[in-house]
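The lines below spell out each chain.
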Amino acid sequence: MVGLLIKKEFKNLFRTYFVNQKSGKGYSKAKTFGFICLFVFLILILMAMFFGMGISISGPLVSMGLGWFYFAIMGIMALALGVFGDVFNTYAMLYKAKDNELLLTLPIPSSKILISRMVVVFLLGLLYECIVFIPGIISFWLGGGGNYCNVPSAIISQILILLFLGLFITSLTCFLGWLVALASNKMQHKNIAVIIFSVIFFGAYYFFCMRLSDFINSLILNAEAFSNNVKSAFYPAFAFGMAGVGNLMDTLIFVAFSVVTFAIAVYILSISFRKIITTNKGSVKVKYKGYTGKKSSQYFAIWKMEGKRFVSIPTYTLNAGLGIIIMPALLILLLFKKSTLAPLIEMVGTTEYAPLIPMVCATMMACMVSMDCGTAPSMSLEGKSIWILQSSPVDPKTVMRGKIDFHFVLNVIPAFILAFFGSLILGFGALDTLLIVVYTVAFTYLISAFGMMMGTIRANVNWTNPVVPIKQSMAVMITLFSGWILSVVYPGGWYLMRSVVDPIVWKVVMTLLIVIMDILSYLWCMKIGIKKIKEL
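This report concerns the structure included in the present document. On a predicted model such as this, the values are computed, not experimentally measured, just so you know.

So, how was this worked out
- Residues numbered from 1 in each chain as written.
- Predicted model: local features only at pLDDT ≥ 70, side-chain atom pairs only at ≥ 80, totals over all residues.
- Heavy atoms only, no water.
- Helix = DSSP H or I, 4+ residues; strand = E, 2+ residues; numbered from the N terminus.
- Buried < 20%, exposed > 50% of the residue type's maximum accessible area, 1.4 Å probe, protein only.
- Areas by Shrake-Rupley, 256 points an atom, 1.4 Å probe, with all protein chains shown as cover.
- Patch = residues over 30% accessible without salt bridge, like charges linked within 9 Å, V, L, I, M, F, W, Y side chains within 5 Å.
- Salt bridge = Lys/Arg side-chain N within 4 Å of Asp/Glu carboxyl O.
- Lys, Arg positive; Asp, Glu negative; His and termini not counted.
- Charge placed at Lys NZ, Arg CZ, Asp CG, Glu CD.
- Phe/Tyr/Trp six-rings, centres within 6.5 Å; stacked < 30°, edge-to-face > 60°.
- Lys NZ or Arg CZ within 6 Å of the ring centre and 35° of its normal.
- Contact = heavy atoms within 4.5 Å.

Attention shifts here to the overall build of the protein chain. From N to C terminus, the protein chain includes 21 helices and zero strands. Here the protein chain holds 536 residues, and 48% of them are scored as buried. As presented, the protein chain carries roughly 26300 Å² of accessible surface, and 73% of it is formed by carbon and sulfur atoms.

Here it is, written out as C-alpha coordinates:
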(Lines give C-alpha, C1' and ligand atoms only; values in the text may rest on other atoms or scores of the structure.)
Protein backbone atom coordinates (compact mmCIF):
# COMPACT_ATOMS: atom_id res chain seq x y z
CA MET A 1 0.00 0.00 0.00
CA VAL A 2 2.79 2.43 0.92
CA GLY A 3 4.46 1.72 -2.42
CA LEU A 4 1.28 2.60 -4.31
CA LEU A 5 0.89 5.83 -2.34
CA ILE A 6 4.50 6.80 -3.04
CA LYS A 7 3.95 6.07 -6.73
CA LYS A 8 0.84 8.28 -6.68
CA GLU A 9 2.75 11.14 -5.04
CA PHE A 10 5.51 10.97 -7.63
CA LYS A 11 3.00 10.85 -10.46
CA ASN A 12 1.34 14.00 -9.14
CA LEU A 13 4.70 15.66 -8.56
CA PHE A 14 6.14 15.04 -12.02
CA ARG A 15 2.91 14.61 -13.97
CA THR A 16 3.52 17.74 -16.02
CA TYR A 17 6.67 16.16 -17.55
CA PHE A 18 4.86 13.05 -18.81
CA VAL A 19 1.21 13.92 -19.43
CA ASN A 20 -0.50 16.69 -21.36
CA GLN A 21 -2.58 18.29 -18.62
CA LYS A 22 -5.27 19.47 -21.02
CA SER A 23 -5.90 16.28 -22.99
CA GLY A 24 -4.78 13.77 -20.35
CA LYS A 25 -2.70 11.93 -22.97
CA GLY A 26 0.92 11.02 -22.42
CA TYR A 27 3.67 12.89 -24.22
CA SER A 28 5.87 11.16 -26.74
CA LYS A 29 9.12 9.68 -25.46
CA ALA A 30 11.09 12.38 -27.28
CA LYS A 31 9.17 15.23 -25.62
CA THR A 32 9.38 13.61 -22.19
CA PHE A 33 13.10 13.09 -22.71
CA GLY A 34 13.44 16.77 -23.63
CA PHE A 35 11.67 17.87 -20.44
CA ILE A 36 13.88 15.61 -18.34
CA CYS A 37 17.02 16.92 -20.06
CA LEU A 38 15.95 20.49 -19.31
CA PHE A 39 15.36 19.64 -15.66
CA VAL A 40 18.76 17.92 -15.40
CA PHE A 41 20.42 20.88 -17.13
CA LEU A 42 19.06 23.30 -14.54
CA ILE A 43 20.26 21.04 -11.72
CA LEU A 44 23.72 20.86 -13.30
CA ILE A 45 23.90 24.66 -13.52
CA LEU A 46 23.24 24.94 -9.79
CA MET A 47 25.76 22.21 -9.03
CA ALA A 48 28.36 24.00 -11.14
CA MET A 49 27.84 27.15 -9.08
CA PHE A 50 28.48 25.32 -5.80
CA PHE A 51 31.39 23.44 -7.38
CA GLY A 52 33.02 26.77 -8.20
CA MET A 53 32.61 27.91 -4.62
CA GLY A 54 33.87 24.60 -3.23
CA ILE A 55 36.96 24.46 -5.43
CA SER A 56 37.90 28.00 -4.39
CA ILE A 57 38.06 27.15 -0.67
CA SER A 58 38.89 23.43 -0.57
CA GLY A 59 42.52 23.79 -1.65
CA PRO A 60 43.50 26.50 0.88
CA LEU A 61 41.67 24.81 3.78
CA VAL A 62 43.02 21.32 3.03
CA SER A 63 46.56 22.69 2.68
CA MET A 64 46.20 24.26 6.16
CA GLY A 65 45.07 20.94 7.62
CA LEU A 66 41.47 22.14 7.99
CA GLY A 67 39.69 19.66 5.73
CA TRP A 68 37.14 19.02 8.47
CA PHE A 69 36.32 22.74 8.50
CA TYR A 70 35.65 22.61 4.76
CA PHE A 71 33.15 19.79 5.25
CA ALA A 72 31.53 21.64 8.13
CA ILE A 73 30.92 24.63 5.83
CA MET A 74 29.59 22.50 2.96
CA GLY A 75 27.41 20.52 5.37
CA ILE A 76 25.84 23.69 6.78
CA MET A 77 25.19 25.01 3.26
CA ALA A 78 23.69 21.69 2.14
CA LEU A 79 21.47 21.66 5.23
CA ALA A 80 20.37 25.25 4.61
CA LEU A 81 19.54 24.66 0.93
CA GLY A 82 17.77 21.38 1.73
CA VAL A 83 15.56 22.97 4.36
CA PHE A 84 15.05 26.14 2.30
CA GLY A 85 14.10 24.20 -0.84
CA ASP A 86 11.92 21.61 0.89
CA VAL A 87 10.17 23.38 3.75
CA PHE A 88 7.73 25.28 1.54
CA ASN A 89 6.68 22.09 -0.26
CA THR A 90 6.43 20.02 2.94
CA TYR A 91 3.66 22.08 4.49
CA ALA A 92 1.54 21.91 1.34
CA MET A 93 2.33 18.27 0.57
CA LEU A 94 1.77 16.81 4.04
CA TYR A 95 -1.10 18.86 5.37
CA LYS A 96 -2.72 20.93 2.61
CA ALA A 97 -2.93 18.50 -0.32
CA LYS A 98 -6.41 18.55 -1.82
CA ASP A 99 -6.78 14.75 -1.67
CA ASN A 100 -6.19 14.48 2.10
CA GLU A 101 -9.86 14.05 2.98
CA LEU A 102 -10.43 11.69 0.06
CA LEU A 103 -7.60 9.41 1.18
CA LEU A 104 -8.85 9.43 4.77
CA THR A 105 -12.26 8.19 3.63
CA LEU A 106 -10.59 5.10 2.16
CA PRO A 107 -9.58 2.10 4.30
CA ILE A 108 -5.99 3.37 4.44
CA PRO A 109 -4.32 3.99 7.81
CA SER A 110 -3.25 7.62 8.18
CA SER A 111 0.22 6.36 9.18
CA LYS A 112 0.73 4.95 5.69
CA ILE A 113 -0.38 8.22 4.08
CA LEU A 114 2.11 10.04 6.29
CA ILE A 115 4.98 7.64 5.54
CA SER A 116 4.43 7.79 1.79
CA ARG A 117 4.56 11.57 1.81
CA MET A 118 7.58 11.66 4.12
CA VAL A 119 9.43 9.42 1.65
CA VAL A 120 8.76 11.96 -1.11
CA VAL A 121 9.82 14.79 1.19
CA PHE A 122 13.03 12.87 1.96
CA LEU A 123 13.87 12.39 -1.72
CA LEU A 124 13.21 16.04 -2.53
CA GLY A 125 15.35 17.16 0.40
CA LEU A 126 18.07 14.73 -0.69
CA LEU A 127 17.96 16.25 -4.18
CA TYR A 128 18.47 19.77 -2.82
CA GLU A 129 21.24 18.54 -0.53
CA CYS A 130 23.05 16.77 -3.37
CA ILE A 131 23.13 20.01 -5.38
CA VAL A 132 25.56 21.33 -2.76
CA PHE A 133 27.16 18.25 -1.24
CA ILE A 134 28.15 16.23 -4.32
CA PRO A 135 30.07 19.18 -5.87
CA GLY A 136 31.52 19.73 -2.39
CA ILE A 137 32.83 16.15 -2.22
CA ILE A 138 34.32 16.39 -5.73
CA SER A 139 35.95 19.72 -4.84
CA PHE A 140 37.45 18.18 -1.71
CA TRP A 141 39.21 15.41 -3.63
CA LEU A 142 40.35 17.76 -6.39
CA GLY A 143 41.67 20.16 -3.74
CA GLY A 144 44.09 17.57 -2.35
CA GLY A 145 41.81 15.64 0.00
CA GLY A 146 43.57 12.36 -0.85
CA ASN A 147 46.73 13.60 0.88
CA TYR A 148 44.80 14.73 3.96
CA CYS A 149 42.83 11.69 5.10
CA ASN A 150 42.43 7.93 4.80
CA VAL A 151 40.75 7.54 1.42
CA PRO A 152 38.63 4.36 1.97
CA SER A 153 37.23 5.45 5.34
CA ALA A 154 36.60 8.98 4.03
CA ILE A 155 34.63 7.66 1.04
CA ILE A 156 32.50 5.41 3.27
CA SER A 157 31.85 8.27 5.72
CA GLN A 158 30.95 10.71 2.94
CA ILE A 159 28.40 8.30 1.46
CA LEU A 160 26.83 7.75 4.88
CA ILE A 161 26.61 11.41 5.85
CA LEU A 162 25.24 12.23 2.38
CA LEU A 163 22.30 9.87 2.94
CA PHE A 164 21.70 10.57 6.60
CA LEU A 165 21.99 14.35 6.22
CA GLY A 166 19.01 13.95 3.88
CA LEU A 167 17.21 12.11 6.69
CA PHE A 168 18.01 14.93 9.12
CA ILE A 169 16.76 17.51 6.57
CA THR A 170 13.51 15.53 6.33
CA SER A 171 13.15 15.65 10.12
CA LEU A 172 13.66 19.42 10.19
CA THR A 173 11.32 20.20 7.29
CA CYS A 174 8.59 17.89 8.62
CA PHE A 175 8.91 19.43 12.05
CA LEU A 176 8.76 22.98 10.65
CA GLY A 177 5.80 22.00 8.47
CA TRP A 178 4.08 20.52 11.52
CA LEU A 179 4.62 23.76 13.47
CA VAL A 180 3.26 25.85 10.59
CA ALA A 181 0.21 23.57 10.20
CA LEU A 182 -0.42 23.56 13.95
CA ALA A 183 -0.08 27.32 14.17
CA SER A 184 -2.16 27.96 11.06
CA ASN A 185 -5.12 26.15 12.63
CA LYS A 186 -5.00 28.67 15.47
CA MET A 187 -4.36 31.82 13.47
CA GLN A 188 -6.79 34.22 11.93
CA HIS A 189 -4.51 35.48 9.17
CA LYS A 190 -2.52 32.32 8.53
CA ASN A 191 -1.60 33.13 4.92
CA ILE A 192 -0.16 36.51 5.87
CA ALA A 193 1.91 34.87 8.62
CA VAL A 194 3.31 32.29 6.17
CA ILE A 195 4.15 35.04 3.68
CA ILE A 196 5.93 37.17 6.31
CA PHE A 197 7.94 34.17 7.51
CA SER A 198 8.88 33.29 3.94
CA VAL A 199 9.92 36.85 3.07
CA ILE A 200 12.19 36.96 6.14
CA PHE A 201 13.69 33.62 5.11
CA PHE A 202 14.23 34.82 1.52
CA GLY A 203 15.79 38.06 2.78
CA ALA A 204 18.29 36.19 4.96
CA TYR A 205 19.10 33.83 2.09
CA TYR A 206 19.71 36.59 -0.47
CA PHE A 207 21.75 38.58 2.05
CA PHE A 208 23.98 35.54 2.44
CA CYS A 209 24.31 35.16 -1.33
CA MET A 210 25.25 38.83 -1.73
CA ARG A 211 27.94 38.52 0.93
CA LEU A 212 29.20 35.15 -0.28
CA SER A 213 32.37 36.42 -1.99
CA ASP A 214 33.30 38.54 1.03
CA PHE A 215 32.65 35.52 3.24
CA ILE A 216 34.94 33.30 1.16
CA ASN A 217 37.79 35.84 1.21
CA SER A 218 37.44 36.40 4.94
CA LEU A 219 37.23 32.66 5.52
CA ILE A 220 40.49 31.93 3.73
CA LEU A 221 42.33 34.78 5.46
CA ASN A 222 41.04 33.87 8.95
CA ALA A 223 40.49 30.12 8.57
CA GLU A 224 42.37 29.19 11.74
CA ALA A 225 40.37 31.55 13.96
CA PHE A 226 37.05 30.56 12.38
CA SER A 227 37.77 26.86 12.77
CA ASN A 228 38.68 27.26 16.45
CA ASN A 229 35.42 29.15 17.07
CA VAL A 230 33.40 26.41 15.35
CA LYS A 231 35.19 23.70 17.30
CA SER A 232 34.52 25.35 20.64
CA ALA A 233 31.09 26.95 20.13
CA PHE A 234 29.37 24.71 17.56
CA TYR A 235 30.51 21.16 18.22
CA PRO A 236 27.90 19.44 15.96
CA ALA A 237 29.41 21.19 12.91
CA PHE A 238 32.90 20.12 14.03
CA ALA A 239 31.73 16.52 14.43
CA PHE A 240 30.09 16.58 10.99
CA GLY A 241 33.29 17.94 9.47
CA MET A 242 35.35 15.20 11.12
CA ALA A 243 32.91 12.64 9.75
CA GLY A 244 33.40 14.11 6.28
CA VAL A 245 37.15 13.48 6.38
CA GLY A 246 36.78 9.86 7.49
CA ASN A 247 36.46 9.79 11.28
CA LEU A 248 34.24 6.70 11.63
CA MET A 249 33.27 7.40 15.25
CA ASP A 250 31.89 10.84 14.39
CA THR A 251 30.20 9.31 11.35
CA LEU A 252 28.38 6.75 13.50
CA ILE A 253 27.39 9.47 15.99
CA PHE A 254 25.91 11.57 13.18
CA VAL A 255 24.06 8.56 11.71
CA ALA A 256 22.59 7.73 15.12
CA PHE A 257 21.63 11.36 15.71
CA SER A 258 19.85 11.55 12.32
CA VAL A 259 17.95 8.32 12.95
CA VAL A 260 16.83 9.45 16.42
CA THR A 261 15.64 12.87 15.22
CA PHE A 262 13.79 11.22 12.33
CA ALA A 263 12.09 8.76 14.71
CA ILE A 264 11.02 11.66 16.95
CA ALA A 265 9.66 13.58 13.94
CA VAL A 266 7.69 10.52 12.76
CA TYR A 267 6.27 9.96 16.25
CA ILE A 268 5.17 13.60 16.69
CA LEU A 269 3.60 13.72 13.24
CA SER A 270 1.89 10.33 13.53
CA ILE A 271 -0.02 11.26 16.69
CA SER A 272 -1.27 14.58 15.29
CA PHE A 273 -1.38 14.11 11.51
CA ARG A 274 -5.06 13.19 11.19
CA LYS A 275 -6.14 15.85 13.69
CA ILE A 276 -4.26 18.67 11.98
CA ILE A 277 -5.42 17.92 8.43
CA THR A 278 -9.08 17.49 9.43
CA THR A 279 -9.53 20.44 11.79
CA ASN A 280 -9.63 24.14 11.23
CA LYS A 281 -9.92 25.64 14.67
CA GLY A 282 -8.53 28.92 13.47
CA SER A 283 -11.61 29.77 11.44
CA VAL A 284 -12.94 33.05 12.66
CA LYS A 285 -16.62 33.04 13.61
CA VAL A 286 -18.13 36.22 12.29
CA LYS A 287 -21.62 37.33 13.18
CA TYR A 288 -23.63 37.91 10.05
CA LYS A 289 -24.46 41.53 9.34
CA GLY A 290 -26.60 42.44 6.40
CA TYR A 291 -25.36 45.12 4.03
CA THR A 292 -26.09 46.47 0.59
CA GLY A 293 -23.65 45.15 -1.96
CA LYS A 294 -21.95 47.52 -4.37
CA LYS A 295 -22.37 46.85 -8.03
CA SER A 296 -19.17 46.48 -10.04
CA SER A 297 -18.35 45.66 -13.63
CA GLN A 298 -17.42 42.18 -14.82
CA TYR A 299 -13.88 43.44 -15.42
CA PHE A 300 -13.34 44.51 -11.81
CA ALA A 301 -15.07 41.34 -10.58
CA ILE A 302 -12.24 39.41 -12.29
CA TRP A 303 -9.75 41.72 -10.57
CA LYS A 304 -11.34 41.01 -7.21
CA MET A 305 -11.28 37.25 -7.85
CA GLU A 306 -7.61 37.36 -8.88
CA GLY A 307 -6.72 39.49 -5.86
CA LYS A 308 -8.36 37.09 -3.41
CA ARG A 309 -6.60 34.11 -4.96
CA PHE A 310 -3.28 35.98 -5.00
CA VAL A 311 -3.29 36.64 -1.24
CA SER A 312 -4.95 33.35 -0.22
CA ILE A 313 -2.18 31.04 -1.52
CA PRO A 314 1.18 31.89 0.11
CA THR A 315 3.18 29.98 -2.53
CA TYR A 316 1.42 31.98 -5.25
CA THR A 317 2.02 35.28 -3.45
CA LEU A 318 5.72 34.54 -3.03
CA ASN A 319 6.32 33.28 -6.57
CA ALA A 320 4.27 35.94 -8.35
CA GLY A 321 4.79 38.88 -6.01
CA LEU A 322 8.23 38.66 -4.43
CA GLY A 323 9.49 41.32 -6.84
CA ILE A 324 6.98 43.76 -5.38
CA ILE A 325 9.07 43.67 -2.20
CA ILE A 326 12.49 43.24 -3.81
CA MET A 327 12.26 46.20 -6.20
CA PRO A 328 11.67 48.90 -3.53
CA ALA A 329 14.40 47.26 -1.43
CA LEU A 330 16.79 47.46 -4.39
CA LEU A 331 15.97 51.13 -4.85
CA ILE A 332 16.88 51.82 -1.22
CA LEU A 333 20.06 49.75 -1.59
CA LEU A 334 20.94 51.63 -4.76
CA LEU A 335 20.49 54.94 -2.97
CA PHE A 336 22.93 53.95 -0.21
CA LYS A 337 25.41 52.19 -2.53
CA LYS A 338 25.58 54.94 -5.13
CA SER A 339 29.09 55.93 -4.06
CA THR A 340 30.28 52.35 -4.56
CA LEU A 341 28.83 52.07 -8.08
CA ALA A 342 29.80 55.56 -9.25
CA PRO A 343 33.53 54.81 -9.89
CA LEU A 344 32.66 51.66 -11.88
CA ILE A 345 30.07 53.50 -14.00
CA GLU A 346 32.49 56.37 -14.55
CA MET A 347 35.28 53.99 -15.58
CA VAL A 348 33.10 52.09 -18.09
CA GLY A 349 31.56 55.37 -19.26
CA THR A 350 34.91 56.47 -20.71
CA THR A 351 35.20 53.39 -22.93
CA GLU A 352 33.45 52.26 -26.10
CA TYR A 353 31.19 50.06 -23.94
CA ALA A 354 29.50 53.03 -22.23
CA PRO A 355 26.13 52.41 -24.03
CA LEU A 356 26.00 48.98 -22.36
CA ILE A 357 25.41 50.50 -18.91
CA PRO A 358 21.76 51.57 -19.44
CA MET A 359 21.14 48.42 -21.51
CA VAL A 360 22.36 46.20 -18.68
CA CYS A 361 20.16 48.14 -16.22
CA ALA A 362 17.13 47.60 -18.47
CA THR A 363 18.03 43.90 -18.72
CA MET A 364 18.17 43.61 -14.94
CA MET A 365 14.72 45.18 -14.71
CA ALA A 366 13.41 42.73 -17.30
CA CYS A 367 14.87 39.75 -15.41
CA MET A 368 13.20 40.90 -12.18
CA VAL A 369 9.72 41.33 -13.70
CA SER A 370 10.12 37.97 -15.47
CA MET A 371 10.27 36.26 -12.08
CA ASP A 372 6.82 37.63 -11.17
CA CYS A 373 4.93 35.80 -13.93
CA GLY A 374 1.63 35.52 -12.06
CA THR A 375 -0.48 35.01 -15.19
CA ALA A 376 1.29 31.78 -16.20
CA PRO A 377 -0.34 29.66 -13.44
CA SER A 378 -3.47 31.85 -13.20
CA MET A 379 -5.68 29.80 -15.51
CA SER A 380 -4.50 26.50 -14.04
CA LEU A 381 -5.34 27.71 -10.53
CA GLU A 382 -9.01 27.81 -11.51
CA GLY A 383 -8.75 24.04 -11.05
CA LYS A 384 -11.98 22.09 -11.07
CA SER A 385 -13.86 25.39 -10.81
CA ILE A 386 -12.95 26.29 -14.40
CA TRP A 387 -16.53 25.42 -15.34
CA ILE A 388 -17.70 28.52 -13.46
CA LEU A 389 -15.79 30.77 -15.87
CA GLN A 390 -16.92 28.69 -18.83
CA SER A 391 -20.63 28.79 -17.92
CA SER A 392 -20.86 32.28 -16.39
CA PRO A 393 -22.24 35.18 -18.47
CA VAL A 394 -18.82 36.83 -18.48
CA ASP A 395 -17.19 37.57 -21.81
CA PRO A 396 -14.00 35.44 -22.13
CA LYS A 397 -12.23 38.58 -23.39
CA THR A 398 -13.05 40.24 -20.07
CA VAL A 399 -11.59 37.25 -18.22
CA MET A 400 -8.39 37.48 -20.24
CA ARG A 401 -8.05 41.26 -19.87
CA GLY A 402 -8.83 41.14 -16.14
CA LYS A 403 -6.20 38.49 -15.40
CA ILE A 404 -3.54 40.15 -17.55
CA ASP A 405 -4.16 43.67 -16.26
CA PHE A 406 -4.29 42.66 -12.59
CA HIS A 407 -0.83 41.13 -12.62
CA PHE A 408 0.52 43.86 -14.91
CA VAL A 409 -0.59 46.66 -12.57
CA LEU A 410 0.62 44.69 -9.55
CA ASN A 411 4.18 44.64 -10.91
CA VAL A 412 4.42 47.71 -13.11
CA ILE A 413 4.11 50.20 -10.22
CA PRO A 414 7.24 49.07 -8.30
CA ALA A 415 9.03 48.37 -11.62
CA PHE A 416 8.31 51.90 -12.88
CA ILE A 417 9.47 53.45 -9.59
CA LEU A 418 12.72 51.48 -9.59
CA ALA A 419 13.42 52.10 -13.29
CA PHE A 420 12.73 55.85 -13.12
CA PHE A 421 14.34 56.77 -9.81
CA GLY A 422 17.14 54.23 -10.27
CA SER A 423 18.05 55.88 -13.58
CA LEU A 424 18.11 59.28 -11.90
CA ILE A 425 20.30 57.99 -9.05
CA LEU A 426 22.77 56.49 -11.52
CA GLY A 427 22.91 59.77 -13.44
CA PHE A 428 21.53 58.64 -16.81
CA GLY A 429 20.46 61.22 -19.35
CA ALA A 430 16.84 62.05 -20.17
CA LEU A 431 16.74 59.83 -23.29
CA ASP A 432 18.27 56.79 -21.56
CA THR A 433 15.94 57.24 -18.58
CA LEU A 434 12.92 57.43 -20.89
CA LEU A 435 13.97 54.35 -22.86
CA ILE A 436 14.67 52.32 -19.70
CA VAL A 437 11.26 53.23 -18.25
CA VAL A 438 9.39 52.49 -21.49
CA TYR A 439 11.29 49.22 -21.98
CA THR A 440 10.55 48.16 -18.39
CA VAL A 441 6.84 48.95 -18.64
CA ALA A 442 6.55 47.22 -22.02
CA PHE A 443 8.46 44.17 -20.78
CA THR A 444 6.27 43.95 -17.69
CA TYR A 445 3.18 43.84 -19.89
CA LEU A 446 4.83 41.29 -22.17
CA ILE A 447 5.43 38.93 -19.23
CA SER A 448 1.78 39.31 -18.19
CA ALA A 449 0.38 38.75 -21.69
CA PHE A 450 2.86 36.07 -22.76
CA GLY A 451 2.44 34.34 -19.39
CA MET A 452 -1.33 34.31 -19.95
CA MET A 453 -0.76 32.88 -23.41
CA MET A 454 1.51 30.08 -22.13
CA GLY A 455 -0.75 29.50 -19.12
CA THR A 456 -3.73 28.95 -21.40
CA ILE A 457 -1.87 26.69 -23.81
CA ARG A 458 -0.32 24.64 -20.99
CA ALA A 459 -3.23 24.83 -18.54
CA ASN A 460 -3.40 22.11 -15.89
CA VAL A 461 -6.68 22.07 -13.98
CA ASN A 462 -6.30 18.52 -12.62
CA TRP A 463 -3.86 19.28 -9.80
CA THR A 464 -4.25 18.16 -6.18
CA ASN A 465 -1.66 20.60 -4.81
CA PRO A 466 -1.44 24.27 -5.91
CA VAL A 467 2.36 23.96 -5.81
CA VAL A 468 2.16 21.96 -9.06
CA PRO A 469 0.82 24.73 -11.36
CA ILE A 470 2.70 27.46 -9.46
CA LYS A 471 6.19 25.97 -9.25
CA GLN A 472 6.29 22.91 -11.49
CA SER A 473 4.35 23.84 -14.63
CA MET A 474 5.92 24.20 -18.06
CA ALA A 475 3.97 27.45 -18.53
CA VAL A 476 5.85 29.11 -15.66
CA MET A 477 9.18 27.69 -16.78
CA ILE A 478 8.74 28.77 -20.41
CA THR A 479 7.62 32.27 -19.41
CA LEU A 480 10.46 32.73 -16.93
CA PHE A 481 13.30 31.52 -19.17
CA SER A 482 11.89 33.18 -22.29
CA GLY A 483 11.89 36.47 -20.42
CA TRP A 484 15.48 35.98 -19.27
CA ILE A 485 16.72 34.97 -22.72
CA LEU A 486 14.93 37.85 -24.42
CA SER A 487 16.26 40.37 -21.91
CA VAL A 488 19.86 39.25 -22.50
CA VAL A 489 19.43 39.87 -26.23
CA TYR A 490 19.23 43.61 -25.48
CA PRO A 491 22.85 44.22 -24.38
CA GLY A 492 24.25 41.04 -25.95
CA GLY A 493 22.93 41.80 -29.42
CA TRP A 494 24.35 45.32 -29.47
CA TYR A 495 27.71 44.09 -28.14
CA LEU A 496 27.99 41.67 -31.07
CA MET A 497 26.91 44.30 -33.63
CA ARG A 498 28.38 47.41 -31.97
CA SER A 499 30.58 48.17 -34.98
CA VAL A 500 27.63 48.50 -37.38
CA VAL A 501 24.66 49.61 -35.21
CA ASP A 502 24.29 52.94 -33.46
CA PRO A 503 23.44 52.37 -29.75
CA ILE A 504 20.51 54.83 -29.78
CA VAL A 505 19.00 53.12 -32.83
CA TRP A 506 19.45 49.70 -31.15
CA LYS A 507 17.76 50.85 -27.94
CA VAL A 508 14.78 52.27 -29.84
CA VAL A 509 14.48 49.16 -32.04
CA MET A 510 14.59 46.79 -29.06
CA THR A 511 11.99 48.83 -27.19
CA LEU A 512 9.71 48.84 -30.24
CA LEU A 513 10.24 45.09 -30.62
CA ILE A 514 8.97 44.52 -27.08
CA VAL A 515 5.95 46.73 -27.77
CA ILE A 516 5.17 44.74 -30.94
CA MET A 517 5.45 41.49 -28.97
CA ASP A 518 3.04 42.99 -26.40
CA ILE A 519 0.49 43.60 -29.12
CA LEU A 520 0.90 40.14 -30.67
CA SER A 521 0.59 38.37 -27.30
CA TYR A 522 -2.50 40.43 -26.42
CA LEU A 523 -4.13 39.69 -29.80
CA TRP A 524 -3.45 35.96 -29.36
CA CYS A 525 -5.15 36.01 -25.98
CA MET A 526 -8.15 37.92 -27.33
CA LYS A 527 -8.62 35.72 -30.41
CA ILE A 528 -7.22 32.22 -29.87
CA GLY A 529 -6.97 32.28 -26.08
CA ILE A 530 -10.68 32.86 -25.49
CA LYS A 531 -11.46 29.79 -27.62
CA LYS A 532 -9.05 27.65 -25.63
CA ILE A 533 -10.71 28.65 -22.34
CA LYS A 534 -13.87 26.90 -23.48
CA GLU A 535 -11.89 23.73 -24.29
CA LEU A 536 -10.27 23.36 -20.85
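Among the surface-exposed residues, Lys397, Lys527, Lys531 and Lys534 lie close enough to one another that they form a single positively charged patch. Secondary-structure assignment places Lys531 in helix H21 (residues 503–535).

Turning our attention to the packing of aromatic side chains. Evaluated as defined, the whole model comprises 22 aromatic pairs. For the pair Trp68 and Phe69, a centre-to-centre distance of 5.6 Å together with 55 degrees between the ring planes defines the contact as tilted. Both residues of the pair, Trp68 and Phe69, count as buried. Considering the side-chain rings of Tyr299 and Trp303, the 6.0 Å spacing of their centres and the 50 degrees angle between planes classify their relative orientation as tilted. Linking Tyr299 with Trp303, this pair stays in helix H12 (residues 298–312), spanning four residues, or about one helical turn. Given the relative accessible area of 22%, Trp303 is considered partly exposed. What links up through ring pairs into an aromatic cluster is the set Tyr70, Phe71, Phe133, Phe140, Trp141, Phe240 and Phe254. Directly above the aromatic system of Tyr495 lies the positively charged group of Arg498, at a separation of 4.3 Å from the ring centroid.

Summarising the element assignment, Tyr70 is placed in helix H3 (residues 67–94). Beyond its immediate stretch of four places on either side in the chain, Tyr70 contacts Gly54, Ile57, Ser58, Leu61, Pro135, Gly136, Ser139 and Phe140.

Here we come to the pattern of salt bridges. Any two side chains of opposite charge can pair if their charged atoms end up close together. Inspection of every chain in the model, using the stated rule, returns six salt bridges. Arg309 is the partner of Glu382 in a salt bridge, and the nearest nitrogen-oxygen pair spans 3.1 Å. Placement of Glu382 in the loop between helix H15 (356–370) and helix H16 (386–391) and of Arg309 in helix H12 is noted, with a sequence separation of 73 residues between them. Residue class for Glu382 comes out buried when judged on its relative accessible area of 7%. Its salt-bridge partner being Lys403, residue Glu382 comes within 2.9 Å of it at the nearest N-O pair. Taken as a pair, Glu382 in the loop between H15 and H16 and Lys403 in helix H17 (residues 396–426) lie far apart in primary sequence, 21 residues in all. Neither Glu382 nor Lys403 differs from the other in exposure class; each is buried. A network of salt bridges, in which partner residues are shared, links Glu306, Arg309, Glu382 and Lys403.

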